[in-house]
Amino acid sequence: MSGYFGSKDGLFDAVVAERTGHLLDTVAFDASDLAGWAVAMYDETLRNPSLVRLVAWLRLERRPAGRLTDHPHDEPKLTAIARAQAAGQVRTGDPLDLFSLVLAMAFTWSAAGIVYAAGPDDPAVEQQRRRALLHESVARAVAP
């Protein structure tokens, strides 16, 4: 099987790209509601902490700089952000920068969180408090 991908590293990179793409594509993306998408991504990180750990490991060990993967799965999202900007729904700026900022905010309390990693068993009131703060913060950050 590794012959098809060129090497074991090639096979590993293909699997990681597919899994990270799965994480980012699991939640429907709406560039006109980046705050809602961030909250949905937060919820997805609670459901699938192993995917978040894989992404964090990939960043630390294999891709310490530049784009996380060569997979073009985020290109439609960047195009959607550019369209939302043209429609006056999202602030100006590089779509990749805005996408990166929103995603980082969504991952704040994920398994890769620096200060606190939330878990699905955290009290519901804490989960709701985080969702509300995330929604408001992203909405303000991307407002035109």
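It should be emphasised that the depicted structure is a prediction, and the values quoted were computed from it without experimental measurement.

Draft legend 1. Looking closely at the overall build of the protein chain. Counting secondary structure elements, the protein chain contains 7 helices and 0 strands. For the protein chain, the α and β elements follow one another from N to C terminus as α-α-α-α-α-α-α. Computed over the C-alpha atoms, the radius of gyration of the protein chain is 16 Å, within 12% of the 15 Å expected from 2.2 N^0.38 for a compact globule of 144 residues. When the backbone C-alpha atoms are referred to their principal axes, the protein chain occupies close to 50 × 40 × 25 Å. When each of the 144 residues of the protein chain is scored for burial, the buried share is 35%. The long-range share in the protein chain, meaning contacts at least 24 apart out of those at least 6 apart in sequence, stands at 61%.

Draft legend 2. Up close: the environment of Lys-8. Here Lys-8 lies in helix H2 (residues 8-26). Taking the C-alpha atoms as reference points, Lys-8 and Ala-111, separated by 103 residues in sequence, lie 27 Å from one another.

Draft legend 3. Seen up close, the packing of aromatic side chains. Using the criterion set out here, one finds 4 aromatic pairs in the structure. Among the aromatic residues, those joined into a ring-pair cluster are Phe-29, Trp-37 and Phe-99.

Draft legend 4. Inspection of the nonpolar core at higher detail. In terms of nonpolar packing, the biggest core is built from 29 residues, with Met-41, Leu-134 and Val-138 touching the most fellow members. Of all elements in the fold, only helix H3 (34-47), helix H5 (75-86), helix H6 (95-106) and helix H7 (124-142) reach the threshold of two or more residues within this core. Of all the elements, H3 adds the most residues to this core, at 8 residues. Aside from chain neighbours lying at most four places away, what touches Val-138 is Leu-34, Ala-35, Ala-38, Val-102 and Met-105.

Draft legend 5. Geometry of the environment of His-73. Position of His-73 among the secondary structure elements: in the loop between helix H4 (49-62) and H5. Given a relative accessible area of 9%, His-73 falls into the buried group. Along the chain, His-73 and Ala-17 lie 56 residues apart, while their C-alpha atoms are 9.2 Å from each other.

Draft legend 6. Structural view of H4. Its 14 residues place the ends of H4 19 Å apart at the C-alpha level, agreeing with the 20 Å of an ideal helix rising 1.5 Å per residue. Within the span of H4, buried status applies to Leu-51, Val-52, Val-55 and Leu-58. For H4, the angular spread of the buried residues around the axis is 120 degrees, confining them to a single face. Residues of H4 that are exposed and angled more than 90 degrees away from the buried face: Leu-60 and Glu-61.

Conventions we followed
Residues numbered from 1 in each chain as written. Predicted model: local features only at pLDDT ≥ 70, side-chain atom pairs only at ≥ 80, totals over all residues. Heavy atoms only, no water. Helix = DSSP H or I, 4+ residues; strand = E, 2+ residues; numbered from the N terminus. Rg over C-alpha atoms; globule rule 2.2 N^0.38 Å. Buried < 20%, exposed > 50% of the residue type's maximum accessible area, 1.4 Å probe, protein only. Contact = heavy atoms within 4.5 Å. Phe/Tyr/Trp six-rings, centres within 6.5 Å; stacked < 30°, edge-to-face > 60°. Core = buried A, V, L, I, M, F, W, Y, C linked by side-chain atoms within 4.5 Å. Expected span 1.5 Å × (residues − 1). Arc of directions from axis to C-beta.

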